[in-house]
Amino acid sequence: MTFITYKMTKSIALTGAAVGLLLMAGCAANKSTKPAAAAAKPAIWPLTLKDPAANESGAQIWAENCMRCHELRSPSQYTPAQWGVIIQYMRLKAGLTGVQAKKVLAFLQSASAH
Amino acid sequence: MTHKRRILISMAAALAIMPVAAAWADPAGGGADYKKLEQKYQLLQKQMATMAKQMSAMQKQQAKLKATQAKTGATNTKAIDREVKRLYRRVMKDSQKISDLEPGNIQVLIAGDVNFQFQNVQGSHSTFYADSSPMIQVRIDKNIFVNTAFDFYTQGGAAGGSAADIGAANINYELNNNMTLGGGLITSPIGGIVGQYNPAPWNRWLVDGSLEDALLPGNELGVWTRGGLPAPDKMGYLTYFLFVSNGPALTSTTDQNGASYNNLQFGNWDPAAQNGKTVGGRFSYIPIPNIEVGYSFEWARPSADGAITTTNSLINAVDFNSYYVNKKIDGLFRFRGGWTWDQVGQGVDSTGAFSLGGMSNGGQLEVAYQPSLCGIKYIDKMMAAFRYDRIDGPASSNFSNGASHEQRYSIGLDYWLHSNAVLKFEYEFDNLSNNLHGNNAMFVQFAVGI
């Protein structure tokens, strides 16, 4: 019963933060969603706001997020310096966090240089 | 061992920081100063390389230690984890300082797109059309970014007719990990679709779209804050984009049935048109990278020349964007959709009587499939696309919404020559209200992103 209450409350809080966007079905597929073990955490507030990107590689973030809106551009299409400009622009457009943008940039610059 | 390592790291960090600090304190100007700066830069690079090696060695050692501890059952790796993280942060910070010292650290990039098309729309002469939209993007430093975009295109009505437009002129300041502040002219986030497509025909699957053409604002001229942040408990990401900009102007338009209605005219850059400002924004939730769902709104108190003084307007929009790529389906499946409803509230004319009101609805659904993983040459670069879109136009009366309707079914076949070069063929079936036959259209377009 406690478990159900906790999950329900968490869902309501998340839904409010997403300004009423009802996407809980999509959440089920989230790789980083914690299973039952995580539900044992006692406190609901403060909600943990850890960036999932902390455990993701730049290549992964690049491959998964850029595809949402356009075809993937090969790292070799631009120089490392040019990628610096592009990522600043795409961070804005895609709503990336600074951490995500830095990781993607590091990957693209590294791949571009080789 | 740990203590020794800490001392080593501290010494290396101090060595790295000292020349950087000296370089920053050194007043610029003169050849001698430049040589000094160059020497410091080279020294700093060497020191950074040493630090990177040390970090790499530590990481290897850390991995070994973890493996050993896993075997023996010990779990206390926190201290070494902290040290590695601290060193990593220091290396990243110093790397940034080095890149700031590098010659040409203000970067300029010419981007944008070019496209040309042949179009044959019923009721009009067929024509070729060309469009060039260059963008100048400048990275001033790691926090400041400037973007300018133009649009040059051919236009009928006069021999050699062409038109020029400005698509973006904005300055952005990255305040922190989750927030950027900006101002100027920027693509509107309302409805999601315009923002995702812009600036490009090169990443569209189909040529035209009535939702973006008729209902959604294209640009906002104002100030904004935007960014992304992780959703609680690692359940994806949230993005936001909030702005204050010039409000839409209110204009009178006549639909195909001859009815007159009031229309919101976006892209209002003229203070003479009206003084009202608009407040709007878009929020989206990305539970997994493949899916994004957004909600946007834009509220304004527009006014117009003539009898109508003021009224309220509100745009609401929801949008959905997703893709799925898997060997099981031999490729890539894309799905985008959106629905928008504009409400122009009751206005008050010069006599005090209520005068207008109306609602416009519209939406579109787009699906596309590309067998990119099928392994068959040429076929793997083809994409089939379909779109349904509709507009229920505003009524002349507040009590009979939807005086005019238009529905379009579009089918398209694209061939991707490159990740940013696409050749498209599209045919649109157009239907109007009262069973009127619309203007079917055929397009062939070649678009390249720069």
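Residues numbered from 1 in each chain as written. Chains lettered and ligands numbered in written order. Predicted model: local features only at pLDDT ≥ 70, side-chain atom pairs only at ≥ 80, totals over all residues. Heavy atoms only, no water.

### What to know about the interface of chain B and chain A
Argument step 1. If you look at the interface, chain B gives 65 residues, while chain A gives 51 residues.
Argument step 2. Contact between chain B and chain A buries roughly 5,000 Å² in total, counting both sides, with carbon and sulfur atoms accounting for 61%.
Argument step 3. The largest contributions to the chain B side of the interface with chain A come from B:Asp233, B:Lys234 and B:Tyr237, which together make up 16% of the buried area.
Argument step 4. A:Glu71 is the partner of B:Arg334 in a salt bridge, and the nearest nitrogen-oxygen pair spans 3.7 Å. (Contact = heavy atoms within 4.5 Å. Buried area = accessible area lost by both parts, 1.4 Å probe. Salt bridge = Lys/Arg side-chain N within 4 Å of Asp/Glu carboxyl O.)

### Overview of the packing of aromatic side chains
Think of a pair of aromatic rings as described by two things: how far the centres are apart, and how the planes are tilted against each other in angle.
Argument step 1. Enumeration according to the criterion identifies 12 aromatic pairs over all chains in this entry.
Argument step 2. Judged by centre distance (5.1 Å) and plane angle (80 degrees), the rings of A:Tyr78 and A:Trp83 are edge-to-face. Like A:Tyr78, the residue A:Trp83 is buried in the burial classification.
Argument step 3. Considering the side-chain rings of B:Phe116 and B:Phe446, the 6.1 Å spacing of their centres and the 75 degrees angle between planes classify their relative orientation as edge-to-face. (Phe/Tyr/Trp six-rings, centres within 6.5 Å; stacked < 30°, edge-to-face > 60°. Buried < 20%, exposed > 50% of the residue type's maximum accessible area, 1.4 Å probe, protein only.)

### Some remarks on the confidence of the model for chain B
Residue and element names in this part refer to chain B.
Argument step 1. Per-residue pLDDT for chain B averages 80, and the proportion of residues at 70 or more is 76%.
Argument step 2. Here residues 18-30 is a poorly scored stretch, pLDDT under 50, and it has 15 contacts once near neighbours within four places are set aside; other chains count.
Argument step 3. Predicted confidence for residues 396-402 stays below pLDDT 50, and this span has 16 contacts to residues more than four positions away or in other chains.
Argument step 4. With a pTM of 0.73, the predicted complex shows an ipTM of 0.75. (pLDDT = per-residue confidence, 0-100.)

### Quick look at helix 3 (residues 58-66) of chain A
Argument step 1. Along helix 3 of chain A, the residues that are buried comprise A:Gly58, A:Ile61, A:Trp62, A:Glu64 and A:Asn65.
Argument step 2. Elements in contact with the buried residues of helix 3 of chain A: helix 5 (98-113) of chain A together with strand 12 (313-326) of chain B. (Helix = DSSP H or I, 4+ residues; strand = E, 2+ residues; numbered from the N terminus.)

### Quick notes on a nonpolar patch on the surface
Residue and element names in this part refer to chain B.
Argument step 1. Together, Leu413, Leu417, Leu423, Phe425 and Val444 make up a nonpolar patch on the protein surface, roughly 410 Å² of accessible area in all.
Argument step 2. Among the secondary structure elements, those contributing two or more residues to the nonpolar patch are strand 16 (405-418) and strand 17 (421-432).
Argument step 3. For Leu417, the location among the structural elements is in strand 16.
Argument step 4. Residue classification places Leu417 among the partly exposed positions, given a relative accessible area of 45%. (Patch = residues over 30% accessible without salt bridge, like charges linked within 9 Å, V, L, I, M, F, W, Y side chains within 5 Å. Areas by Shrake-Rupley, 256 points an atom, 1.4 Å probe, with all protein chains shown as cover.)

### Here's the deal with the side chain of B:Glu426
Residues and elements named next belong to chain B.
Argument step 1. Mapped onto the elements, Glu426 comes out in strand 17.
Argument step 2. We classify Glu426 as buried; its relative accessible area is 0%.
Argument step 3. Separated by 2.3 Å, the side chain of Glu426 and the backbone nitrogen of Val207 make a polar contact.
Argument step 4. Once residues within four sequence positions are removed from consideration, Glu426 is found in contact with Leu206, Val207, Asp208, Arg387, Ser410, Ile411, Gly412, Ala441, Met442 and Phe443. (Polar contact = N/O pair within 3.5 Å; in protein donor to acceptor, adjacent residues only side chain to side chain.)

### A word on the packing of helix 4 (residues 80-94) of chain A against helix 5 of chain A
Helix packing for two helices is described by the angle between their axes and how far apart those axes are.
All names here are of chain A.
Argument step 1. Relative to each other, helix 4 and helix 5 sit at 155 degrees, their axes nearing to 9 Å. On the basis of the axis angle, helix 4 is roughly antiparallel to helix 5. As helix 4 packs across helix 5, the resulting crossing turns out to be right-handed. Within the contact between the two elements, helix 4 uses Pro80, Trp83, Gly84, Ile87 and Arg91 and helix 5 uses Gly98, Ala101, Val104, Leu105, Leu108, Gln109, Ser112 and Ala113.
Argument step 2. For the contact of helix 4 with helix 5, the residue count by class is eight nonpolar, four polar and one charged. (Axes fitted to C-alpha atoms, helices over the stretch in contact; angles between N-to-C directions. Parallel < 35°, antiparallel > 145°, perpendicular 65-115°, else oblique. Left-handed = near helix turned anticlockwise from the far one by under 90°. Nonpolar A, V, L, I, M, F, W, Y, C, P; charged D, E, K, R; others polar.)

### A few points about unusual backbone geometry
Residues and elements named next belong to chain B.
Argument step 1. The phi torsion at Asp330 lies on the positive side, around 60 degrees, for a residue other than glycine.
Argument step 2. Its location among the elements puts Asp330 in the loop between strand 12 and strand 13 (331-344).
Argument step 3. Unlike most non-glycine residues, Tyr378 shows phi in positive territory, near 75 degrees.
Argument step 4. As for its position among the elements, Tyr378 is in the loop between strand 14 (358-370) and strand 15 (382-392).
Argument step 5. We classify Tyr378 as exposed; its relative accessible area is 52%.

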